[in-house]
Amino acid sequence: MSTSTRVTGLRKTLAGVLGVAFIFLLWQVAAWSLPDFLMPGVPTVLGRLVEELGKDNFHQSLSGTLSRLGLGYGLALAAGIGFGLVAALLVFFREVLRSAIVILQAIPSIAWVPLFLIVMGFGNTPIIIVVALSAFFPAALSVMNATESVQRVHVSAARVMGATPWDLVKRVYLPAVMPELITGAQLAFGNAWRALISAEMLIGFGKGLGRSLAYSGEIADMTGVMANILVIAVLAALIDQFVLEKLKHRLLRYQYV
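Since the structure is predicted, the reported quantities are computational estimates derived from the model, not experimental observations.

Two elements in contact, helix H4 (residues 91-104) and helix H6 (residues 124-148), have axes separated by 11 Å at closest approach and are oriented at 145 degrees. Seen along the crossing, H4 lies across H6 with a hand that is left-handed. On H6, the residues that touch Arg-94, Leu-97, Arg-98, Ile-101 and Leu-104 of H4 are Phe-136, Phe-137, Ala-140, Leu-141, Met-144, Asn-145 and Glu-148. Class assignment for the residues of the contact of H4 with H6 results in eight nonpolar, one polar and three charged.

See below:
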């Protein structure tokens, strides 16, 4: 690892630590300004969180949320990448898909919950579909936009050499769109995570962090509310930085040499 890369990494780490410290400072100032039953302080919430970490109920909520995220987000990425690459080969399909996405992504994903509940009933399926729907749009758009920037001469040369449509996808389009694909996957994760927590709060089925947050609000347990919010925020940051960013560096390691 070069010195410049190491310095850049340290700078990013320092910036992240200072950002977190600033958020905690604002939180504590708000706690000093408001009654305890409205805004508990940072030490109080951290103490509750330590207690919750050892309880089975917390582990069940965490596993429920992560399993729904994995299914919904994975489905969205597979569909988004697949449709985006097919759109690279079929120009008319690309225009149809783009028009449909422009219309559908204007609808908040959580607005589909009543329809999905009526059609699918209570359970994990409506939540997973909402998550997949919210993450599909940025994933598909990022791939489609990237395929349009692939140089026509590369496509023409591959066809002259006898490349099949599958060869074009695998050897021309997919390597070319990889950077935009990873960026789109990170944007899709943000959409998926917000939709997941919102759907769990609204549907109220089974165990999940969103359901735990909603229940704490229903019983006016503000310490529980803030503890759940803290877990949701920290978990999202950990997934983004230690899973998606690591994957990004591994797949695009030539850019970080």
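Moving on, we get to the side chain of Ser-216. In this fold, Ser-216 is placed in helix H9 (residues 209-218). Setting aside residues no more than four positions away along its own chain, Ser-216 makes contact with Asp-221, Gly-224, Val-225 and Asn-228.

Okay, the confidence of the model for the chain next. If pLDDT is low for a region, its predicted coordinates should not be looked at in detail. Confidence along the chain averages 83 in pLDDT terms, with 86% of residues attaining 70 or more. No element of the chain has a lower mean pLDDT than helix H7 (residues 152-160), at 60, and none a higher one than H9, at 91.

Attention shifts here to the pattern of salt bridges. The final tally for this structure, using the stated rule, is four salt bridges. A salt bridge links Glu-52 to Lys-55; the nearest nitrogen and oxygen atoms lie 3.4 Å apart. When its relative accessible area of 40% is taken as the criterion, Lys-55 is described as partly exposed. Measuring nitrogen to oxygen at the nearest pair gives 2.7 Å for the salt bridge that ties Arg-68 to Glu-200. Placement of the pair is Arg-68 in helix H3 (residues 56-89) and Glu-200 in helix H8 (residues 165-203), with a sequence separation of 132 residues. The same class applies to Arg-68 as to Glu-200, namely buried.

Analysis parameters
Residues numbered from 1 in each chain as written. Predicted model: local features only at pLDDT ≥ 70, side-chain atom pairs only at ≥ 80, totals over all residues. Heavy atoms only, no water. Axes fitted to C-alpha atoms, helices over the stretch in contact; angles between N-to-C directions. Helix = DSSP H or I, 4+ residues; strand = E, 2+ residues; numbered from the N terminus. Left-handed = near helix turned anticlockwise from the far one by under 90°. Contact = heavy atoms within 4.5 Å. Nonpolar A, V, L, I, M, F, W, Y, C, P; charged D, E, K, R; others polar. pLDDT = per-residue confidence, 0-100. Salt bridge = Lys/Arg side-chain N within 4 Å of Asp/Glu carboxyl O. Buried < 20%, exposed > 50% of the residue type's maximum accessible area, 1.4 Å probe, protein only.

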